[in-house]
Structure formats: C-alpha cells, structure tokens
Amino acid sequence: MADIKWPAPADRHLIGKRISRIDGPFKSSGRAKYTFDINRPNMLFGKMVLSAHAHAKIDKIDTGEAEGMPGVRAVYTMVPEGQEVNWVGQEVVALAADTEEQAEEAADHVHIDYSPLPFLVADTDPQQAGPDRTKQLRDQSEGDPQQGFQQAEVTHEGAYGIPVITHCCLESHGSVAEWNGDKLNVWLSTQNVSGSAGQYSDGLKQAGINVAPSDVSIDCQYMGGGFGSKFGPDSWGIAAAVLARKAGRPVKMMLERDHELLSAGCRPSLHGRIKVGAKKDGTLVAWDSESWGTGGMGSAGTPPLPYIFKIPNQHVRHSAVLTNIGPARAWRAPNHPQVCFLTMTALDDLAAKLGMDPLDFFLKNIGITGPRSANYQEELLRAADMIAWKKNWHPRGDRATGPVKRGLGLSIHTWGGAGHVSNCRCTIQPDGSVEVALGSQDLGTGTRTVIDIVAAETLGLPLEGVQVAIGDNKYPPDGASGGSTTVGGVSSSTRVAATNALNQLLEKVAPSLNATPDQLEAVGGRIQVRGDSARSIPWKQACAKLGAAPIVAMGQRDASLISAGVGGAQMAQVAVDTETGVVRMEKIVAVQDCGLVIDPKTAESQVYGACIMGTCYALHEEKIMDDQTGACLNPNMEFYRLSGIDDIGEIQVHMMTGPGYDERGVIGLGEPPVVSPGAAISNAVANAIGARVPDLPITPNRVLMALGKGGAV
Amino acid sequence: MSKRDHPDHSTDSGSARDGHSQKKGKPSSGLSRRQFIKGTGLAVSASVLVSEGLLKAAGAQEASGVAGPGAVPIRLRVNGQVRELRIEPRVMLLDALRNHLDITGSKKVCDRASCGACTVIVDGRPVYSCTMLAIDAQGRSIETIESLASGDDLHPMSQSFVDNDAQQCGFCTSGFVMACKAYLDKHPHPTYDEVKKALNGNLCRCGTYMGIRNAVLEAATKTSTKGAQA
C-alpha cells in the first residue's frame with residue numbers, strides 16, 4: 001500500500017478552509033450537555049468538607065450530626081483520623097444528600113478536630129524557606145560562565161517573578177457517578193476519556209471497592225475547560241463513586257468555585273535573579289540565573305532556563321520551594337510562560353542597557369535559537385510589520401506629554417506538539433452513512449471539527465456526511481489532551497482509518513466503473529475514475545454495493561503525517577496611566593506556525609484565546625496566600641481576576657502556512673501562543689514608562705512602585 | 001478602565017441589570033445569596049414575606065408569617081410555560097432551573113454574581129440567576145437560552161456566535177448569548193465600543209471575546225436588516 005499523505009494543496013476541499021466548529025450550534029443554543037448538566041433519576045448531590053488548616057493532623061472526625069440531617073444518604077471519610085492535611089481546601093469528608101442545599105448544609109455540620117502543624121504558604125526564596133522546605137533540582141553549567149562574563153562588555157542584573165495562578169476552569173472539576181450492578185458509569189469533565197477508567201479502578205480499590213477498568217464507562221461529550229488540570233477522576237471523583245455505591249443512587253459531585261480555585265489547579269510560580277551579558281554589538285555571551293518557585297509540596301519540574309536562546313556560557317541553578325498552597329497541575333504549556341517571562345524580560349532589559357532596539361537585539365542573536373531560527377526571524381519580521389514596530393517603537397520612556405504613556409514589547413516562544421497515541425475506527429455503512437470513532441475529547445479546541453474535516457476530505461464527502469463519535473471510552477483508545485498532542489494524534493489516525501476504509505470501498509466499486517481501485521478517487525460525494533467525472537457513481541450507490549456488511553477500518557497515529565516543534569512571535573502595545581498605575585493592553589499581534597493548519601478558523605481562535613489568557617495572567621491573575629492563616633484570600637471570581645471583554649484591546653493573528661510549513665504535517669497549537677503575552681506585555685510596559693515592573697501581574701500598585709511613586713509591597 | 005467589582009459597571013445606565021445589581025429589585029433581593037441564608041432554617045425574613053409571589057404560593061404558611069424551612073410549592077413561568085415545583089425557599093433560581101426542572105443551559109460557575117454564566121432574562125432584563133431566589137422569580141417572565149432556538153433554527157444571536165467562532169469550551173456561551181440578546185433587544189444599533197462596555201458583566205476563560213464582539217455586531221446588523229425589510 002502506498003504511503004498515506006495529506007492531499008496536495010490543489011486537492012484540498014476542506015482542509016485549510018475556514019470552517020465553523022461543528023458542535024457550535026449545540027453550545028450556543030444551550031443544548032450541549034456538560035458533565036455539570038447531567039441529571040440522573042434519583043440522583044444525589046455530593047458536597048465535601050474541606051480542611052481549614054494549611055497543615056494539620058486530623059485528631060477526630062465526627063460525622064454523626066451530619067448523617068442525621070434531612071436528606072443525607074451517604075458519608076465518606078476521604079482523609080482518616082490520624083493523617084495530615086496539607087493545604088486549606090484539602091478534601092476531608094464527602095457526603096451526598098437528596099438536594100444540593102441539604103448536602104451543603106450537612107457539610108457544615110461535620111465536626112473535625114485538628115492539631116495544627118507548621119506551614120509555609122509564602123512564595124519565598126530558598127534561603128528564607130530553609131533546607132527542609134527546599135529541593136534543589138538543577139545546578140548546571142555550559143561553556144565557561146566566568147569567562148563568558150569577562151568577555152561581556154555590557155552586563156545586566158535583575159530579579160523577576162511570576163506568581164502562582166490557578167486554572168479557573170469555568171466548568172469546575174467533577175463527575176456524576178452511577179453504579180449499574182458491578183459496573184460503574186461516570187460522566188466526567190475530563191481531558192482524558194480513554195485513560196480514566198484505570199484510574200477509577202485503582203482509586204476505588206484503595207477505598208475497598210473492586211471494579212475492573214473494563215467495567216468503568218467514561219462519558220464526556222462536552223467539557224467546560226481543562227487547560228491541563230483535568231487528567232483523572234481526582235479524589236473527589238473517587239469519592240462520588242464511593243458515595244454512589246453506598247447510597248445505591250447516582251451522585252453528582254461538582255466542585256464549588258472556592259474549592260476549584262483552592263484545590264483543582266495551580267500553576268507553579270517562578271522567581272529568579274538573573275545576570276546576562278553581551279558584547280557591545282548585542283551578541284549574547286553569558287547567562288547566570290538562580291531561580292526558585294513553588295508548586296505546592298511537589299517539585300513541579302525543572303524550568304528550561306534560559307528560554308530558547310542557547311547562550312554559549314551559562315550557569316543555571318533552580319530549586320523548588322515546598323509549600324502548603326495545594327498541588328500544582330499542568331497549566332497550558334507547563335513551565336514555558338514562566339521561563340519565557342524571566343528570559344525575555346531580562347534580555348529586553350539588557351537590550352535597553354545596550355541602547356538597542358529589542359527587535360534588532362533579538363534578530364542579532366537569532367542564530368542561537370536552534371533549528372527553528374529561520375522561522376523565528378520570519379515571524380519576528382512579520383509581527384514587526386503588523387504592529388509597525390519600526391515606526392512606533394521608541395527608546396525606553398514614552399516622551400509624549402500627559403500622564404498616559406505607550407510602549408511596545410516583544411517575545412518569542414516555542415513548543416513541541418507531536419501527536420499522541422491515537423486509534424480511529426472508520427465505519428462505512430451500506431446506506432452510505434459514515435462514522436469515525438475515537439476515544440478522544442474536545443476541550444473546546446475544535447477536535448471534533450478537525451476530525452470531521454479530515455474524514456470528510458478523505459472520503460470526498462461534505463462535513464455532514466460523516467458522524468464524529470468521541471467522548472466515550474467505548475471507542476478506540478486515544479491519548480489524553482495534553483501537550484498540544486491531540487490534533488496530531490487524531491488527524492493522522494483519522495486520515496489513515498478513512499483512507500483504509502475508502503480503499504476497501506474502491507475495491508468493491510472498481511468493477512462497475514470498469515477500472516482498477518488505484519484509478520479511482522472519492523471527490524464531491526462521488527467515486528470516480530481519477531479526473532473523469534463522466535465515469536463515476538454517487539457515494540450512496542457506491543456504498544450500496546457493500547451488500548449487508550459495513551466496512552470497518554482502523555487507523556493509528558502516523559508519524560509521517562505529523563511533526564513537532566513550533567515557534568511564534570508576539571508583540572504588544574500597552575497604554576499606562578502613570579497617575580493611577582493602570583495598564584491597558586491596547587494591541588497584541590501574534591504570529592504562529594504549527595505546520596499544516598486543518599481549520600484556520602478554530603486555529604486562529606486558539607491564538608486569540610491564548611493572547612487573552614496571557615493578558616489575564618500578565619495583568620490580573622495571582623493566587624494570594626495569607627502568611628498568618630495559610631488560607632488563600634481570593635478563591636472566587638471577584639478577587640481572582642480574569643480580564644473582561646472591555647479589558648482586551650485589539651488582537652491580530654497571523655498563521656504561518658504554505659510552503660515551508662504545510663509539508664511539515666500537522667502540529668499541535670493549543671499551548672504555544674499562551675507563552676509569550678506575559679513577557680511581551682511586561683516589556684511593553686517597561687518601554688512605555690522607562691522602568692521595569694519586575695513581577696507579574698502588573699498591578700497599578702506595582703507600576704506606581706516602579707515609577708517611584710510609592711505603593712505598598 | 002473597566003471594573004467588574006460591581007455589576008452596575010457592566011451595563012450602561014439604560015440597561016442596569018436588576019438581578020445583577022440587586023438594587024432596584026424587590027426588597028427581598030438583599031437576601032438573595034443562599035450562602036447567606038443557609039442554615040438559618042429560613043427565618044427569612046420580613047422582606048421575603050412581602051414578595052407577592054411567595055404569598056400567593058405559600059398558601060397555608062401565609063398565616064404563620066414564615067416560609068419554610070421545608071419545601072414550599074412555587075410556580076415559575078419559564079420560557080412561556082408555567083412550571084409548578086416544591087422547593088425550599090432558599091433555592092436559587094439557577095438551581096431551581098438546573099436541579100429541579102432539568103433546564104441546564106444556564107451554567108453555574110462563580111455562584112456569586114461575578115461571571116454571568118448563569119444569565120437569564122427576567123421581565124426583559126438580564127439577571128444573574130445564581131443570585132436570585134427562585135421564590136422571588138415568581139410572577140415574572142423567565143427566559144432561558146432554551147427558549148431561543150426553534151427546532152434546528154438557531155436564534156440569530158446563537159448563529160452569530162457559531163459564525164464568528166465566539167465560543168470555545170462553551171461554558172460561558174449560554175450566559176453571553178443571553179446577555180447579548182438582552183442588550184441588543186434594548187440597544188439594536190450598538191457601536192463596537194458600546195458592545196465592549198455592555199458585556200463587561202460576563203467572563204470567559206478560553207478567551208473568546210474577539211469573536212463575541214463581532215458576533216454581537218453581526219447579529220445587530222442582521223436583525224436591523226430584517227426589521228427594515230419587514
């Protein structure tokens with residue numbers, strides 16, 4: 001069999017066209033059923049009792065009063081007496097009652113005695129945290145850092161920081177669990193449809209319930225945001241299944257908003273003291289950084305500093321600080337926004353010290369950005385063109401009269417995005433209907449639409465001619481949606497499965513067209529002799545030749561159809577009110593490559609959305625912890641701020657496509673464009689006001705401090 | 001600079017949201033947070049008692065002057081249909097719709113009038129249904145997103161959301177569509193800047209604001225064109 005390829009540009013009828021997401025009508029009419037919307041007959045509502053302490057031993061749990069309250073049907077202790085809790089908001093007891101209000105009230109009547117233990121919630125450096133709370137993860141040199149700094153003619157030293165933020169998925173984490181005999185049916189808000197059954201089996205075993213993974217069904221047709229935080233059932237998913245078992249009734253357990261922000265996702269912080277040196281002409285020669293960050297009690301990985309620029313002489317040291325803030329989870333492009341912020345701001349400050357335009361400085365050093373350097377250069381120049389950089393950029397400190405100062409900033413980013421494991425089953429029925437089935441999920445990225453486009457393109461059908469079946473683990477197993485690996489996985493497996501199915505159909509049809517199968521093609525809803533529409537039959541008639549049995553063909557991820565490694569450049573324009581300190585994002589231009597773009601419309605939406613999400617963490621987001629009590633002070637959407645529609649200026653997106661990009665095959669896109677906005681906006685603020693605001697988010701208070709106008713730490 | 005600390009900032013003066021601001025509503029609205037009321041056995045409140053709808057529905061309890069704490073019969077007019085249900089007086093309109101009537105288009109996200117995912121239209125005005133007691137919604141016309149489409153034909157606002165890709169995960173979408181519809185009903189010819197200001201009472205996490213702005217303007221154009229032809 002010939003290698004399977006993507007169709008040539010001239011033969012693409014759907015791939016590369018601007019296609020609206022196929023599940024859009026269900027969402028915009030309110031008909032899409034999310035996990036949160038599932039109501040089962042006799043369903044109970046689950047609520048949890050959360051730890052009030054950042055670190056404590058549980059002495060006694062008294063659920064007696066709660067058990068006797070109206071409507072309460074089951075109670076389950078998640079952390080037994082004698083064990084420790086490690087953050088405010090950790091789940092201790094779960095219960096289920098007839099109504100949501102009864103469950104909430106009963107949870108208030110569970111009595112827990114704690115012995116408080118020492119805790120740390122401050123986002124502090126290793127010296128202050130102390131050795132017991134510090135884990136050194138990296139201490140590494142390349143080249144000769146000491147000699148590098150001797151060669152450097154200009155050196156900049158600075159400290160930068162990016163705080164812990166949360167995922168804040170609008171659909172909180174949760175599930176509906178229902179037992180059918182010994183089988184468990186779960187509606188789960190998840191990025192991991194195919195990989196969750198085993199986690200249920202393992203988790204329930206620890207709770208004394210044996211259920212085989214094959215007896216756990218997972219359903220997730222729609223999910224309201226994950227961003228890296230929804231890869232498994234979590235402790236509350238297991239608790240819901242236990243409560244459902246105990247009560248003999250289905251249980252819905254969705255996290256309350258405060259719980260969502262306390263426990264269901266945080267992005268580790270990163271802080272660093274950075275020294276970076278260059279020759280007078282801008283050539284980077286040396287880097288030294290000492291960094292630290294916290295992602296709760298885990299290590300949260302080793303951030304790849306310095307980012308993208310492979311500075312020849314470098315020394316990098318990084319430590320994790322262990323804190324009682326709740327566990328870290330993967331947050332859209334794990335580690336990249338943080339290292340991008342620390343690197344691109346330090347380089348921007350060095351450029352200012354050199355008296356160079358940062359665009360020229362980045363281009364001067366583009367040669368040390370690795371194998372994608374030509375792309376970065378092309379993307380930087382494209383972005384500069386879009387924002388009229390050479391016309392609008394000025395040296396640090398806008399000299400315009402009046403309190404509002406404007407500035408431009410830039411950043412570049414990268415990501416991998418290879419396809420994950422994927423299996424697609426394509427079924428062609430004798431009546432002409434087609435189904436492609438994968439145990440994948442659509443997070444809102446457009447996965448369902450992309451699968452439809454690829455299958456329909458391959459079979460020469462309109463989008464409506466293919467039924468896409470995803471969101472259920474009864475379909476062929478597919479990877480979790482993490483690392484921007486979904487589109488590579490599902491597009492290639494779908495292309496292969498649909499091609500394999502079509503080839504079987506062509507064999508059946510060939511004799512009636514007096515041709516051999518390899519002379520035939522599927523196009524425009526017909527099977528025809530290649531290039532000869534006179535010798536053709538309609539799709540339905542072709543399928544009728546199958547007799548009674550459908551065609552069922554499988555396809556797996558095909559590495560020759562996909563690739564990894566993308567780049568992007570972003571430039572931001574901000575306006576800063578130097579009297580109030582308020583920063584306004586006026587414009588972002590985003591240039592991004594991701595190989596062959598299957599649906600430019602939903603692809604651009606990923607970039608638009610990423611620029612907005614990036615603006616949120618640049619200007620607003622921070623999980624604020626109280627040193628005295630160990631509690632999070634803003635576990636709600638009033639004080640955990642997201643940008644509103646009026647906070648966002650203009651955004652222009654340019655996808656790099658065509659020769660040089662398309663032939664790389666499909667590459668994931670969801671994560672990379674969210675990496676740069678923090679750095680680009682911070683650099684733009686520095687350019688506007690002539691001073692660096694060293695930490696995100698860039699609050700009015702911090703702007704005033706940077707301007708020497710007071711403010712409070 | 002925009003500010004969502006108080007939802008009054010979310011709309012222009014001509015369309016202040018009753019349920020959002022809870023200022024101009026009935027006297028009971030100051031007690032509309034279940035969080036506030038829960039566990040009190042609903043000794044609620046003289047203010048609830050003056051709610052005309054409750055007095056009608058509470059029947060025998062009227063004489064005692066106390067509604068609850070158990071379930072009481074109430075009657076809601078949702079999407080043109082009268083629905084009778086028995087719920088505790090502390091149940092919010094959003095929970096009554098979602099948990100008791102299985103009308104789930106309106107979403108629960110912040111549960112405290114910050115994000116707008118629960119937006120429904122009550123007597124023609126957008127309301128955060130997470131922050132209005134169901135008993136207070138009696139005697140009013142409640143429109144949820146389910147009322148917009150007829151069969152396969154989407155409402156022009158919903159269609160504009162599809163055409164402009166004004167949605168990703170979609171969890172904020174119902175609330176945004178309802179807020180946009182309520183706004184356009186009163187302001188059929190908005191400018192781009194007016195749209196940005198008017199929709200500040202709703203939040204999206206995926207970042208679909210660019211599409212939403214365009215969707216509202218497109219829907220406005222379509223609606224006004226239709227109107228002109230009619």
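Our subject in this report is the structure included herewith. (Residues numbered from 1 in each chain as written. Chains lettered and ligands numbered in written order. Predicted model: local features only at pLDDT ≥ 70, side-chain atom pairs only at ≥ 80, totals over all residues.)

Time to look at the overall build of chain B. Assigned secondary structure in chain B consists of 10 helices and 5 strands. Relative to its full complement of 230 residues, chain B shows a buried share of 58%. Restricting to contacts in chain B with at least 6 residues of sequence separation, those with at least 24 account for 58%. (Helix = DSSP H or I, 4+ residues; strand = E, 2+ residues; numbered from the N terminus. Buried ≥ 20, exposed ≤ 12 C-beta atoms within 10 Å, placed from the backbone. Contact = placed C-beta atoms within 7 Å.)

All names here are of chain B. It is at 9 Å that the axes of helix H7 (residues 156-163) and helix H8 (residues 173-186) come closest, and there the two elements cross at 125 degrees. In this view, H7 runs oblique relative to H8, as classed from their interaxial angle. Regarding H7 and H8, the two cross each other, and that crossing is right-handed. Residues Met157, Ser158 and Phe161 of H7 pack against Thr173, Val177, Cys180 and Lys181 of H8. (Axes fitted to C-alpha atoms, helices over the stretch in contact; angles between N-to-C directions. Parallel < 35°, antiparallel > 145°, perpendicular 65-115°, else oblique. Left-handed = near helix turned anticlockwise from the far one by under 90°.)

How big an interface is tends to be stated in terms of accessible area lost as the parts join. Taken together, the contacts link 57 residues of chain B with 53 residues of chain A. Elements supplying a minimum of two residues to the side of chain B that touches chain A: helix H6 (93-100), H7, H8, helix H9 (192-198) and helix H10 (209-229) of chain B. Of all the elements, H10 of chain B adds the most residues to the side of chain B that touches chain A, at 5 residues. Residue composition of the side of chain B that touches chain A, grouped by class: 22 nonpolar, 16 polar and 19 charged. (Nonpolar A, V, L, I, M, F, W, Y, C, P; charged D, E, K, R; others polar.)

With that settled, the discussion passes to unusual backbone geometry. Omega for the peptide link from Leu305 of chain A to Pro306 of chain A comes to -20 degrees, which places this bond in the cis form. Take Pro306 of chain A: it is sitting in the loop between strand E16 (284-293) and strand E17 (313-321). With an omega of -10 degrees, the peptide bond running from Leu696 of chain A to Pro697 of chain A counts as cis. Residue position: Pro697 of chain A is located in the loop between helix H17 (677-689) and helix H18 (700-706). If you check the backbone angles, Asp111 of chain B has positive phi at about 65 degrees while not being a glycine. Examined against the element boundaries, Asp111 of chain B turns out to sit in the loop between H6 and strand E3 (119-122). On the basis of neighbour counts, which here come to 24 C-beta atoms within 10 Å, the residue Asp111 of chain B falls in the buried class. A positive phi angle is found at Asp123 of chain B, which is not glycine, with a value near 50 degrees. Of note, Asp123 of chain B is situated in the loop between E3 and strand E4 (125-128). Classification of Asp123 of chain B as partly exposed rests on a count of 13 C-beta atoms within 10 Å.

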